[in-house]
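# Residue-level structural notes
Residues per chain, in single letters:
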Amino acid sequence: MERGRLVYEGKAKSLYEHPEDENLLVMEFRDDITAFNMEKMDTIEGKGVYNCLISARLFEVLEDAGIPTHYVELVDERRMVVERLDMFNLEVICRNIATGSLVERLPFEEGEELDPPIVEFDYKSDEYGDPMVNMDHIRALGLATEKEVERMRKLTLQVNEVLSEFLKDRDIILVDFKLEFGVNPDGKIVVGDEISPDTCRFWDAETEESLDKDIFRKDEGDVLAGYREAAERILRGDEEKLAMLPG
């Protein structure tokens, strides 16, 4: 598929106009990796392929469960067709186990199970460091209505339930994850962006070793090996996507 004009370039993905439909975009996953608000950066060859294929599979799992996403189809190992969304300037974080920033700012124990899960909203802004916001902040900044926030929260908890069960069958613990939402051309709020080791914490169910970007954040070893392990488990049973994996 020929890609059109570059529409947006993020930290690890690029969005291009679809050659035939103005309501669609082509999302390309690059090999760039960042952490700590881009204070740490690198390029890891092949990383974008893992994120693309994992995201495609998890979007398909959500769609099969009746959860709306922007995903349309996989083009190749690095590109997918997605709906053009009017994005909310918010990140929605769902936490099942206490780790990361949560234990740094609140008196939770590392590894503490959170039941029910904690849902947080962050203002998506590199300038302000993606601060956590409440409904009053969201309303005052004009980021979303109370009804829209409640819809995003409901969808996030549904995503958590579906993906936690799916990953459990693959010996992966879904520790926490970040979602972004937007309004599609039909006016519906849907899950956008990606769902990958860049945006989720995946732990091996037996060893609790990271299979995600924490390997890069903490310099804990071979980032690509962790992403590959996650991909092989998540894509199990999907021979077409497994065949696209590097190597």
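Here, every reference points to the structure presented above.
Bear in mind the structure is a predicted one, so any value in this text is a computation, not a measurement.

### So, the overall build of the protein
From N to C terminus, the protein includes seven helices and 15 strands. Its C-alpha atoms give the protein a radius of gyration of 17 Å, within 12% of the compact-globule value 18 Å for 247 residues. Expressed along its principal axes, the backbone C-alpha trace of the protein runs to roughly 50 × 45 × 35 Å. Per-residue burial over the protein gives 52% buried out of 247 residues. Long-range pairs, those at least 24 residues apart, make up 57% of the contacts in the protein between residues at least 6 apart in sequence. Total accessible area on the protein stands at roughly 12,200 Å², and carbon and sulfur atoms take up 44% of it. In the protein, which carries 31 positive and 60 negative side-chain charges, the distance between the mean positions of the two groups comes to 2 Å.

### Topic: the packing of helix α1 (residues 47-64) against helix α4 (residues 146-168)
Between α1 and α4, whose axes approach to 10 Å, the crossing angle comes to 120°. Seen along the crossing, α1 lies across α4 with a hand that is right-handed. Here Arg 57, Leu 58, Val 61 and Leu 62 of α1 come into contact with α4, specifically with Val 159, Val 162, Leu 163 and Phe 166. Tallied by class, residues from the contact of α1 with α4 come to seven nonpolar, no polar and one charged.

### Quick look at the sheet that holds strand β9 (residues 90-97)
Taken together, the five strands give an open sheet; going across it, the order is β11-β10-β9-β12-β15, and neighbouring strands pair in antiparallel fashion. Among the strands making up the open sheet, the edge pair consists of β11 (132-133) and β15 (200-204). Inspection of the sheet shows β9 paired to strand β10 (residues 113-123) by seven bridges, in the antiparallel sense. By the bridge assignment, Cys 94 is partnered in β10 with Val 119.

### Some points on the packing of aromatic side chains
Scanning the model with the defined rule gives two aromatic pairs in all. Relative to Tyr 71, the ring of Phe 59 lies with its centre 5.9 Å away and its plane at 20°, an arrangement referred to as stacked. You can see Phe 59 sitting in helix α1 and its partner Tyr 71 sitting in strand β6 (residues 71-74), a full twelve residues away along the chain. The exposure classification of Phe 59 matches that of Tyr 71, with both residues buried. Here the guanidinium or amino end of Lys 40 rests over the ring plane of Phe 216, the centre of that ring lying 4.6 Å away.

### Some points on the pairing of β15
Across the five residues that make up β15, a large majority, five, are buried. Along β15, one buried face is formed by Cys 200, Phe 202 and Asp 204 and the opposite face, lined by Arg 201 and Trp 203, is buried too. Two strands pair when backbone bridges link them, and strand β12 (residues 172-179) and β15 are joined in this way by five bridges, in the antiparallel orientation. Bridge pairing links Asp 176 to Arg 201 in β15.

### A closer look at the sheet that holds strand β1 (residues 6-9)
Pairing in this open sheet of five strands is antiparallel, and the strands run β1-β2-β3-β7-β6 from one edge to the other. Of all the strands in the sheet, the pair left with one neighbour each is β1 and β6. For this sheet, the mean inter-axis angle between neighbouring strands, taken without regard to orientation, is 25°. When strand β3 (residues 24-29) meets strand β7 (residues 79-83), the two strands line up antiparallel, connected through five bridges. If you follow Met 27 over to β7, its bridge partner there is Met 80. The strands touched by α1 within the sheet are β3, β6 and β7, with β6 carrying the most contacts at an inclination of about 130°.

### With respect to helix α6 (residues 223-234)
A rise of 1.5 Å per residue sets the reference length of α6, with its twelve residues, at 16 Å; its end C-alpha atoms lie 17 Å apart and thus fit the reference within 8%. Looking at α6, one finds that the buried residues are Val 223, Gly 226, Tyr 227, Ala 230, Ala 231, Arg 233 and Ile 234. The buried residues of α6 occupy one face: seen down the axis, they fall within an arc of 165°. One side-chain oxygen at the N-terminal end of α6 lies 3.1 Å from the backbone nitrogen of Leu 224; it belongs to Asp 222.

### Some words on a negative patch on the surface
On the surface, Glu 161, Glu 165, Asp 169, Asp 171 and Glu 206 cluster together to form a negatively charged patch. In this structure, Glu 206 sits in the loop between β15 and α5 (214-217).

Rules of the game
Residues numbered from 1 in each chain as written. Predicted model: local features only at pLDDT ≥ 70, side-chain atom pairs only at ≥ 80, totals over all residues. Heavy atoms only, no water. Helix = DSSP H or I, 4+ residues; strand = E, 2+ residues; numbered from the N terminus. Rg over C-alpha atoms; globule rule 2.2 N^0.38 Å. Buried < 20%, exposed > 50% of the residue type's maximum accessible area, 1.4 Å probe, protein only. Contact = heavy atoms within 4.5 Å. Areas by Shrake-Rupley, 256 points an atom, 1.4 Å probe, with all protein chains shown as cover. Lys, Arg positive; Asp, Glu negative; His and termini not counted. Charge placed at Lys NZ, Arg CZ, Asp CG, Glu CD. Axes fitted to C-alpha atoms, helices over the stretch in contact; angles between N-to-C directions. Left-handed = near helix turned anticlockwise from the far one by under 90°. Nonpolar A, V, L, I, M, F, W, Y, C, P; charged D, E, K, R; others polar. Pairing = 2+ DSSP bridges. Phe/Tyr/Trp six-rings, centres within 6.5 Å; stacked < 30°, edge-to-face > 60°. Lys NZ or Arg CZ within 6 Å of the ring centre and 35° of its normal. Expected span 1.5 Å × (residues − 1). Arc of directions from axis to C-beta. Polar contact = N/O pair within 3.5 Å; in protein donor to acceptor, adjacent residues only side chain to side chain. Patch = residues over 30% accessible without salt bridge, like charges linked within 9 Å, V, L, I, M, F, W, Y side chains within 5 Å. Salt bridge = Lys/Arg side-chain N within 4 Å of Asp/Glu carboxyl O.

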